[in-house]
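An overview of the molecular structure
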Amino acid sequence: MSTIERAEVLVASPGRNFVTLRLTISDGVTGLGDATLNGRELAVASYLRDHVVPLLTGRDPARIEDTWQYLYRGAYWRRGPVTMTAIAAVDTALWDIKGKVAGLPVYQLLGGRSRDGVLVYSHASGTDVPSLLDDVARFRDEGYRAIRAQAAVPEIGGSYGVRRGAVYEPAATSLPDEQPWSTEAYLDFAPTYLEAVRETHGFGFHLLHDVHHRLTPIEAARFGKRVEDCRLFWMEDPTPAENQEAFRLIRQHTTTPVAVGENLSSIWDVQHLITEQLIDYVRTTVVHAGGITHLRRIFDLAALYQVRTGSHGATDLSPITLAAAVHLDLAVPNFGIQEYMPHVPETMEVFRSGVSFADGMLHPSEEPGLGVDYDDEAAARFPYEPRYLPVARRLDGSVHDW
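None of the values given here were measured: they were computed from a predicted structure. (Residues numbered from 1 in each chain as written. Predicted model: local features only at pLDDT ≥ 70, side-chain atom pairs only at ≥ 80, totals over all residues. Heavy atoms only, no water.)

Observations concerning the overall build of the protein
Where we set the bar: In DSSP terms, a helix is any run of H or I states spanning at least four residues, a strand is any run of E spanning at least two, and both are numbered starting from the N terminus. Here the radius of gyration uses the C-alpha set of atoms, whereas the globule reference equals 2.2 Å times the residue count to the power 0.38. In this analysis, two residues are considered to be in contact whenever any of their non-hydrogen atoms come within 4.5 Å of each other. Per-residue and other accessible areas follow the Shrake-Rupley method at a 1.4 Å probe size, with only the shown protein chains counted as cover for residues. Neither His nor the chain ends contribute to the count of charged residues, in which Lys and Arg are positive and Asp and Glu negative. By convention, the point assigned to a charge is CZ for Arg, NZ for Lys, CD for Glu and CG for Asp.
In terms of regular secondary structure, the protein is built from 13 helices and 18 strands. Here the protein has a C-alpha radius of gyration of 21 Å; the compact-globule value for 402 residues is 21 Å, and the two agree. Its C-alpha atoms give the protein principal-axis dimensions of roughly 65 × 45 × 45 Å. Partitioning the intrachain contacts of the protein with sequence separation of at least 6 by distance along the chain shows that 72% fall at a separation of at least 24. Element-wise, carbon and sulfur atoms account for 51% of the exposed surface of the protein, whose accessible area totals about 15,800 Å². Between the averaged position of the 37 positive side-chain charges in the protein and that of its 53 negative side-chain charges there is a distance of 4 Å.

Structural notes on the pattern of salt bridges
For the record, the criterion: One speaks of a salt bridge when a side-chain nitrogen belonging to Lys or Arg is within 4 Å of a carboxyl oxygen belonging to Asp or Glu. Exposure categories follow from relative accessible area, calculated using a 1.4 Å probe and restricted to protein chains: below 20% of the type maximum is buried, above 50% is exposed, and the middle band is partly exposed.
A full pass over the atoms with the stated rule returns 26 salt bridges. Arg 251 serves as the salt-bridge partner of Asp 280, at 2.8 Å between the closest nitrogen and oxygen. Of this pair, Asp 280 sits in the loop between helix H9 (267-275) and strand E10 (281-282) while Arg 251 sits in helix H8 (residues 246-253), placing them 29 residues apart in sequence. Assessed through its relative accessible area of 23%, Asp 280 is described here as partly exposed. Judged by relative accessible area, Arg 251 falls into the partly exposed class, the value being 26%. Salt-bridge contacts for Arg 296 lead to Asp 300; the nearest nitrogen and oxygen are separated by 3.3 Å. Of this pair, Arg 296 and Asp 300 both sit in helix H10 (residues 291-304), four residues apart, which is roughly one turn of that helix. Residue classification places Arg 296 among the partly exposed residues on the basis of a relative accessible area of 22%. Residue classification places Asp 300 among the partly exposed residues on the basis of a relative accessible area of 38%. Connected through shared salt-bridge partners, Arg 6, Glu 8, Arg 22 and Asp 376 make up one network.

Things to note about empty space enclosed by the protein
Which parts of space are left empty comes out when a probe the size of a water molecule is rolled across the atoms. Here is the rule we go by: Residues are said to line a cavity or pocket when one of their atoms sits within 4 Å of a point; the points come from a 1 Å grid over protein atoms alone, cavities being sets where a 1.4 Å probe fits but cannot get out and pockets being open sets with protein on both sides within 12 Å along at least five of seven lines. Grid points are joined across faces, edges and corners, and a volume is the space filled by probe spheres set on the points.
Evaluation of the coordinates by the stated rule reveals four cavities of 30 Å³ or more. A volume near 60 Å³ is recorded for the largest cavity. Around the largest cavity, the lining is made up of 11 residues, and of these Gln 150, Tyr 160, Trp 181, Tyr 186 and Tyr 193 lie nearest the centre. The set of elements that each furnish at least two residues to the lining of the largest cavity consists of strand E5 (146-151) and helix H6 (183-201).

Some thoughts on the pairing of strand E2 (residues 18-25)
For clarity, the cut-off: Strand pairing requires that DSSP identify at least two bridges connecting the strands.
Across the eight residues of E2, eight count as buried, placing the element largely inside the fold. Side chains of E2 alternate between two faces, with Phe 18, Thr 20, Arg 22 and Thr 24 and Val 19, Leu 21, Leu 23 and Ile 25 buried alike. Summarising the sheet, strand E1 (residues 4-12) and E2 pair through eight bridges and their orientation is antiparallel. Along E2, the bridge assignment pairs Leu 10 with Thr 20. Where E1 hands over to E2, the hairpin turn is made up of five residues, of which Gly 15 adopts a positive phi near 90°.

Topic: the sheet that holds strand E3 (residues 30-34)
Spelled out, the test is: Note on definitions: angles span 0 to 180 degrees between N-to-C directions of axes, and those axes are lines fitted to C-alpha atoms, for helices only across the stretch in contact.
Spatially, three strands are ordered E1-E2-E3 in an open sheet, and the strand pairing comes out antiparallel. Every other strand in the sheet has two partners, leaving E1 and E3 as the edge strands with one partner each. Averaged over all neighbouring strand pairs, the angle between strand axes comes to 20°, with direction disregarded. Here helix H1 (residues 41-56) sits on the sheet and contacts E1 and E2; the angle it forms with E1, its principal contact strand, is near 170°.

Comments concerning the packing of H1 against helix H3 (residues 81-102)
Convention followed: Roughly parallel covers angles under 35 degrees, roughly antiparallel covers those over 145, roughly perpendicular covers 65 to 115, and oblique covers all other angles. Helix crossings get a hand from a simple test, with the near helix turned counterclockwise from the far one by less than a right angle marking a left-handed crossing and a clockwise turn marking a right-handed one.
Running from N to C, H1 and H3 cross one another at 55°; their axes reach a closest spacing of 10 Å. Viewed along their axes, H1 and H3 adopt a mutual orientation that is oblique. The interaxial crossing formed by H1 with H3 has right-handed handedness. Residues Ala 43, Val 44, Tyr 47, Leu 48, Val 52 and Leu 56 of H1 form the contact with H3, whose own contacting residues are Val 82, Thr 83, Thr 85, Ala 86, Ala 89 and Val 90.

Okay, here's the thing in structure tokens:
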């Protein structure tokens, strides 16, 4: 019987800070797992090195479910993003190993294809409406069938989701950048640029928008009702999800679909939202929701209530998570859409991708496992650098939801 022989926690910053877990079993097969928690990377790295790695040596890598339960139940302190990200790294690496041992891509181990490819959306943005419209046109020309649209609010110095230069990178400073925010200005402006996108580019593609937790429930309800004629694929994170009952109020006022979950980490965090049908898409991720094993449970629960998947896929999730997500997306029956932001060249010097983009969809590698490799020599050129997400402040100086 093969056993886990070595577990390595690898931290590097090739364009973004990434924490990677590499497991090696006694017959030499390796598996990779993503353990990146944006802005709190070293907390997960320490959790793995100090508390998880010592538990793995000698375990049977084939017992994925047993290892998941061992790490989750055995710790006593359950859930939370640090714990679930660490467990996700182990779980994903074990699925990678299982695929390599079986000689099959991971999606085959999950039941095979439910579709030919994975529909993705990417991010169009602009400093004003004309530049946003140009960016939408660019993504349409590149073959995207779904596009998220964000534009800078006039006279507000910082606006979520708007690129500075060629790449959108919110975690770009060693201490949090403080950005101004005005809900009133946003509510006046955002519907107008979404309407402009539809007027200019029509309805032949899916249009998405991210509110990013910044509205109260009644403000979100008003926004959703205002943009109903734009036929959004979804409005994402309209209000903070700590008070899940708040989404019932939004539901009472608008038919605009709602997507939530990128910063939630377990099936219990989304149980009420799903079973009460307060959302249309669940956005939990492989890396932050306990790996492939646990995310599959969330998606299976969602399928019972006609809630579809829409996993988070920003560039603070490494190519390992993207590959794992695409394998799962390909297999589950209630897939909706997958967020996709191509990684910068520095990232791809360290990671060999396990997916390819064509005709608005992602396709997984047919190699055994996840099809992702990690280059230690390249990673050594990118040492860890502290980087934080910005903090939003209202114009009166008080801290607002990011």
